[in-house]
Amino acid sequence: MFRNLAKNTVFYENARMPSPKHILTFPEHLQRIAEGVYLWDTHAEKGRWGEANCVLLVSGASAALIDTPYDEAMTRALQAAAAKVLPPGTSIDTVINTHPNGDHTFGNAYFPDARIITSATNARHLCHEPAPADMHRLVTGSDPGTPLGWYAREKFGHYKYTDLTVTPPTHTFHGNLGVKVGSMGVQLIEVGPAHTAGDVVAWIEPGAVAVAGDVVFQGEHPAHWHGPLSHVVAAVDAILKLNPQVIIPGHGRPMSAAEVQAHRGYLTDLESLIHRHHREGREAYEAACRIIDSGFHADLGSAERIAIVTAVEYADLDGLQRPGAVALAEHAARFAWERREPVAA
Ligand SMILES: [Zn+2]
């Protein structure tokens, strides 16, 4: 790995398909959202995976981080950006995970002295998530001539999953938990199952900021692994009920309550479309293709994720066990593979 410190850009020497998408540029500065609330927004362009938001809370000599980045290089870049706003002698002593997906938790390992808090349901489901070693095998050991092998390299090949250990929470809770960060009160509210089984939203009342995790996506079609969509809508309603000024989604830029209300409309429209195709007897994959090809929210990135959400919704409608993350990713990979740009000889 080579690091250009001036630009804070990381190049991975083992990337199999060198191309601009394998160069990650991380923000050097946090964005101030409210008093003591800062966002590290890594979302650079549409169609990418793993660039999740991290939110730093600072009060007095205490600091908390909501969600951690996807690999070591990303986490080190975040820590460097955070150091610019932390008062001297202050370190991040608390980590909060909104849900157990790797792009929100793998960086936990680089905060060895922090207490790590999440819902008990999230902690229980940590073992169902693909571990770093699974991701490494997927991006290096799978067949690049298959949809999943190709997609894994395209979307995840630029992360470094070796030398990463899953670091579980040190504190868990059921329902709600009040956390103090210096003099700042933070309410953790369990709103899952929605995106995952035990999603947590962080509510910072003084600034009226809701940190939504992946219950809300901005700029991209969401991938919801647990569902069904009615649960995601209920989780969005729980956020809106807080009357937030600013909602920080799991991915994308901060949103207003009106924008999140519009996103709720996206979810209920998608739910109606999927249910109609199901009633009309179509297979899940065909339903997803038809929804995407109809131009459903074509301005958003990662349209192939509709195939994931559709497969999850169908499993619920059919009373079947929902497929695991890799099996679900195969649905998205198949769509992206079938529609990929032909490679010039
Ligand atoms: Zn995410």
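Up top you'll find the structure we're talking about.
The structure displayed is predicted, hence computed values, not measured ones.

J.: What should I look at first to understand the overall build of the chain in this one?
T.: The secondary structure content of the chain amounts to 10 helices and 15 strands. Seen through its C-alpha atoms, the chain measures out along the principal axes to roughly 60 × 45 × 35 Å. Sorting the 345 residues of the chain into buried and exposed places 55% on the buried side. Within the chain, contacts between residues at least 6 apart in sequence are counted, and of these 64% link residues at least 24 apart. When the accessible area of the chain is evaluated, it comes to approximately 14500 Å², of which 52% is carbon and sulfur surface. Computed over 28 positive and 38 negative side-chain charges, the separation of the two mean positions in the chain equals 2 Å.

J.: Sorry if this is basic, but what is going on with the coordination of the zinc ion here?
T.: Reference values for coordination geometry: four tetrahedral donors around a metal ideally subtend 109.5 degrees, six octahedral donors ideally subtend 90 or 180 degrees. Those protein atoms acting as donors to the zinc ion are Asp-103 (OD), His-104 (NE2), Asp-214 (OD) and His-251 (NE2), and they sit at 2.1 to 2.5 Å. Each donor residue of the zinc ion lies on one chain, and together they are spaced D-H-x109-D-x36-H. Within this pair, whereas Asp-103 is found in helix 2 (residues 102-105), its partner Asp-214 is found in strand 14 (residues 209-217), the two being separated by 111 residues in sequence. For Asp-103, a relative accessible area of 11% corresponds to the buried category. A residue is classified by how much of its surface remains accessible, and Asp-214, at 2% relative accessible area, is buried.

J.: Would you mind going over the packing of aromatic side chains with me for this structure?
T.: The geometry of an aromatic ring pair is captured by two quantities: the separation of the ring centres and the angle between the planes. As enumerated under the stated definition, the model contains 13 aromatic pairs in all. Taking 6.5 Å as the distance between ring centres and 75° as the angle between the ring planes, the aromatic pair formed by Tyr-70 and Phe-156 counts as edge-to-face. One end of the pair, Tyr-70, is in the loop between strand 7 (62-66) and helix 1 (72-83); the other, Phe-156, is in helix 5 (residues 147-156), and 86 residues separate them in sequence. Each of the two residues, Tyr-70 as well as Phe-156, counts as buried. Here the aromatic cluster, defined as three or more aromatic residues joined through ring pairs, consists of Trp-49, Tyr-70, Phe-106, Trp-150, Tyr-151, Phe-156, Tyr-159, Tyr-161, Trp-225 and Trp-337. Over the ring of Trp-49 we find Arg-305; its NZ or CZ atom is 4.2 Å from the centre of that ring. Against the face of Tyr-285 rests Arg-334, its NZ or CZ located 3.6 Å from the ring centre.

J.: Just to check I follow, could you spell out the pairing of strand 9 (residues 115-119) for this structure?
T.: Taken residue by residue, a regular strand's side chains alternate between the two faces of the sheet. For strand 9, the tally of buried residues reaches four of five residues, placing the bulk of the element in the interior. Sheet topology places strand 8 (residues 92-96) next to strand 9; three bridges connect them, and they run parallel. Each bridged residue has a counterpart across the sheet, and for Ile-96 the counterpart in strand 9 is Ile-117. Pairing of strand 9 with strand 10 (residues 171-173), which is carried by three bridges, proceeds in the parallel orientation. Across the sheet, the residue bridging to Ile-117 is His-171, located in strand 10.

J.: Even after reading the chapter, I still don't get the sheet that holds strand 13 (residues 200-204), so can you show me in this structure?
T.: Working definition: the strands of a sheet are paired by backbone hydrogen bonds and lie parallel or antiparallel to each other. With mixed pairing, five strands are arranged side by side in an open sheet as 11-12-13-14-15. Only two strands of the sheet have a single partner each, and these edge strands are strand 11 (176-181) and strand 15 (246-251). Going across the sheet, the axis of each strand differs from the next one's by a mean of 25°, ignoring polarity. As judged from the four bridges shared by strand 12 (residues 184-190) and strand 13, these two strands associate in the antiparallel manner. If you follow Leu-188 over to strand 13, its bridge partner there is Ala-202. Together, strand 13, strand 14 and strand 15 form the strand contacts of helix 6 (residues 229-241), whose direction differs from that of strand 14 by roughly 165°.

The rules behind each value
- Here, residues in each chain are numbered from 1, in the same order as that chain's written sequence.
- Given that the model is predicted, a residue must reach a pLDDT of at least 70 before its local features are reported, and side-chain atom pairs must reach 80 or more before they are shown or counted; all residues, however, enter totals for whole chains, interfaces and linings.
- The basis for every side-chain value is the complete set of heavy atoms in the structure, and neither hydrogens nor water enter the calculation.
- Each helix is a run of DSSP H or I of at least 4 residues and each strand a run of E of at least 2, with the numbering of both proceeding from the N terminus.
- Think of it in three bands: residues with accessible area under 20% of the maximum for their type are buried, residues over 50% are exposed, and the middle band is partly exposed, with areas taken using a 1.4 Å probe on protein chains only.
- The contact definition used throughout considers only heavy atoms, calling two residues in contact when any of these lie within 4.5 Å.
- Computed with the Shrake-Rupley method and a 1.4 Å probe, the accessible areas treat only the protein chains shown as cover for residues.
- A residue counts as positive if it is Lys or Arg and as negative if it is Asp or Glu; His and the chain ends are not included.
- Where a charge lies is defined by one atom per residue type, namely NZ (Lys), CZ (Arg), CG (Asp) and CD (Glu).
- For Na, K and Ca the donor cutoff is 3.2 Å, while for all other metals N, O and S atoms must lie within 2.8 Å; water is not among the atoms, so some sites may look incomplete.
- Ring pairs are drawn from Phe, Tyr and Trp, using the six-membered ring of Trp, whenever the two centres fall within 6.5 Å, and their geometry is named by plane angle: stacked under 30 degrees, edge-to-face over 60, tilted for the rest.
- The criterion is that NZ of a Lys, or CZ of an Arg, lies within 6 Å of the ring centre and within 35 degrees of the ring normal, and then a charge sits over that ring.
- Strands are labelled as partners when DSSP assigns at least two bridges between them.
- Interaxial angles span 0 to 180 degrees and are taken between N-to-C directions of axes, which are lines fitted to C-alpha atoms, for helices over the stretch in contact.

Distances and angles like these do not, on their own, reveal function.
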